[in-house]
Amino acid sequence: MDLTGLPPTIDDIDAFLKDSSENAYEKVVDRLLKSDAYAERMTQEWMDISRYSDSHGISFDGYRTSWPYRDWLIQAF
């Protein structure tokens, strides 16, 4: 939850429990650090600081093109 903000899936838990290697924990951490979910989690503070928003919060605010910044930031992580 701390790395991705998401709970592990049942399949993730089963795979971890079946892995009897000494570095099973490190494998899971490495996999999570390479995931898009980790990048999205880490960019939350940056997005808040930059006051990022796809919308002004109202239905008639029109087309916005701020999403490239979001995508760039996620890819940077």
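Here, every reference points to the structure presented above.
Everything quoted here is computed from the prediction, not taken from an experiment.

Here is what the cut-offs are and how they apply
Position labels on residues start from 1 in each chain and follow its written sequence. With the structure being a predicted model, the display of local features is reserved for residues of pLDDT at least 70 and the display and counting of side-chain atom pairs for 80 or more, all residues being used for whole-chain, interface and lining totals. The side-chain figures draw on all heavy atoms in the structure; neither hydrogens nor water molecules are used. Elements are defined by DSSP. Helices are runs of H or I of four residues or more, strands are runs of E of two residues or more, and each kind is numbered from the N terminus. Any pair of residues with heavy atoms lying within 4.5 Å of one another is described as a contacting pair. All accessibility values rest on the Shrake-Rupley procedure with a 1.4 Å probe; residue burial counts only the protein chains present in the view. Each reported salt bridge corresponds to a side-chain nitrogen of Lys or Arg within 4 Å of a carboxyl oxygen of Asp or Glu. When accessible area is computed with a 1.4 Å probe and restricted to protein chains, residues below 20% of their type maximum are described as buried, those above 50% as exposed, and intermediate ones as partly exposed.

Colleague: Help me understand the overall build of the protein chain, please; the structure alone is not making it clear to me.
Modeller: Per the secondary structure count, the protein chain includes four helices and zero strands. In the protein chain, the succession of α and β elements from N to C terminus is α-α-α-α. Relative to all contacts within the protein chain whose residues are 6 or more apart in sequence, the contacts with residues 24 or more apart total 52%. When the accessible area of the protein chain is evaluated, it comes to approximately 6,400 Å², of which 56% is carbon and sulfur surface.

Colleague: Help me out: how do you make sense of the pattern of salt bridges in this one?
Modeller: Oppositely charged side chains may form a pair once their charged atoms are brought near each other. For the structure on display, the rule yields three salt bridges. For aspartate 19, the salt bridge goes to lysine 27, with nearest N and O atoms at 3.3 Å. Note on aspartate 19: relative accessible area 25%, which makes it partly exposed. Classification of lysine 27 as partly exposed rests on a relative accessible area of 40%. Of the charged contacts, one joins aspartate 71 and arginine 70 as a salt bridge, the two residues approaching to 3.2 Å between their closest N and O atoms. Residue aspartate 71 is classed as partly exposed on the basis of its relative accessible area of 30%. The class of arginine 70 is partly exposed, set by a relative accessible area of 24%.

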